[in-house]
Amino acid sequence: MDFDPTRPKWQQIADVIRQRIASGEYPARHLVSEVRLESEFGVARTTVRKATAVLRHEGLIVTTRGMGSFVRDQNPPKGERQGTE
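Below is a short write-up of the structure. (Residues numbered from 1 in each chain as written. Predicted model: local features only at pLDDT ≥ 70, side-chain atom pairs only at ≥ 80, totals over all residues. Heavy atoms only, no water.)

Observations regarding the nonpolar core
Within soluble globular proteins, side chains that are nonpolar generally end up buried alongside one another.
Okay, so step 1: With 16 residues, the main nonpolar core has Ile 17, Ile 21, Tyr 26, Val 32 and Leu 37 as its most contacted residues.
Okay, so step 2: It is helix H1 (residues 9-23) that contributes the most residues to this core, five residues altogether.
Okay, so step 3: Other than its neighbours up to four places away in sequence, Tyr 26 contacts Ile 17, Arg 20, Ile 21, Val 32, Leu 37 and Val 71. (Core = buried A, V, L, I, M, F, W, Y, C linked by side-chain atoms within 4.5 Å. Buried < 20%, exposed > 50% of the residue type's maximum accessible area, 1.4 Å probe, protein only. Helix = DSSP H or I, 4+ residues; strand = E, 2+ residues; numbered from the N terminus. Contact = heavy atoms within 4.5 Å.)

This is how it looks when you write it as C-alpha cells:
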C-alpha cells in the first residue's frame, strides 16, 4: 500500500479495515489480526493498535483479552451485549 504522507498511517489502515468490513471481506466474527496487519502494511504494532482502537471506539470491532479483536456482528441477537471485556 502506498501511504498518503499527509495523513497518519493508522488512519489509513483504519480506513482499509472499514472498507473490508463494509464489503464483507471481513465478515462478522472475523479475526482482525494485529500481527497480520503489521506484516501486510509494514508498520509497527503500535500503529496497528491505534487503528484497531479507533475501530473499537466506533463499535466496528470488539476485543476480548487473550483472544484478539473480531469484527462485531452488526445485528446481534436481542439482549446480547457487545463491548470490550
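Still to come is the rest of the account.
So, the sheet that holds strand E2 (residues 61-64)
Okay, so step 1: Ordered in space as E1-E3-E2, the three strands form an open sheet in which the pairing is antiparallel. One side of each edge strand has no neighbouring strand; the edge strands of this open sheet are strand E1 (31-32) and E2.
Okay, so step 2: Summarising the sheet, E2 and strand E3 (residues 68-71) pair through four bridges and their orientation is antiparallel. Within E3, the residue paired with Val 62 across the bridge is Phe 70. (Pairing = 2+ DSSP bridges.)

What about the environment of Ser 33?
Okay, so step 1: Within the secondary structure, Ser 33 is located in the loop between E1 and helix H2 (34-41).
Okay, so step 2: With a relative accessible area of 15%, Ser 33 lands in the buried category.
Okay, so step 3: Sequence separation of Ser 33 and Val 48 is 15 residues, and the distance between their C-alpha atoms is 9.4 Å.
Okay, so step 4: Polar side-chain contacts of Ser 33 include one of 3.1 Å to the backbone nitrogen of Arg 36. (Polar contact = N/O pair within 3.5 Å; in protein donor to acceptor, adjacent residues only side chain to side chain.)

Overview of the pattern of salt bridges
Okay, so step 1: Scanning all chains against the criterion turns up nine salt bridges.
Okay, so step 2: One salt bridge in this structure joins Arg 18 and Glu 58, with 2.8 Å as the shortest N-O distance. Placement of the pair is Arg 18 in helix H1 and Glu 58 in the loop between helix H3 (45-57) and E2, with a sequence separation of 40 residues.
Okay, so step 3: Residue Glu 25 pairs with Arg 20 through a salt bridge whose shortest N-O separation is 4.0 Å.
Okay, so step 4: Note on Arg 20: relative accessible area 15%, which makes it buried.
Okay, so step 5: What you see here is one network of salt bridges that share partners, running through Arg 7, Asp 15, Arg 18 and Glu 58. (Salt bridge = Lys/Arg side-chain N within 4 Å of Asp/Glu carboxyl O.)

Remarks on the environment of Arg 36
Okay, so step 1: The topology assignment puts Arg 36 in helix H2.
Okay, so step 2: For the pair Arg 36 and Val 48, spaced 12 residues apart in the sequence, the C-alpha separation amounts to 9.8 Å.

Here's the deal with the packing of H2 against H3
A pair of packed helices can be characterised by two numbers: the angle between their axes and the separation between those axes.
Okay, so step 1: For the pair H2 and H3, the least separation of the axes is 9 Å and the interaxial angle reads 115 degrees. Remark: the crossing between H2 and H3 carries right-handed chirality. In this structure, H2 contributes Glu 34, Val 35, Leu 37 and Glu 38 to the contact, and H3 contributes Arg 45, Val 48, Arg 49 and Thr 52.
Okay, so step 2: Considering only residue class, the contact of H2 with H3 consists of three nonpolar, one polar and four charged. (Axes fitted to C-alpha atoms, helices over the stretch in contact; angles between N-to-C directions. Left-handed = near helix turned anticlockwise from the far one by under 90°. Nonpolar A, V, L, I, M, F, W, Y, C, P; charged D, E, K, R; others polar.)

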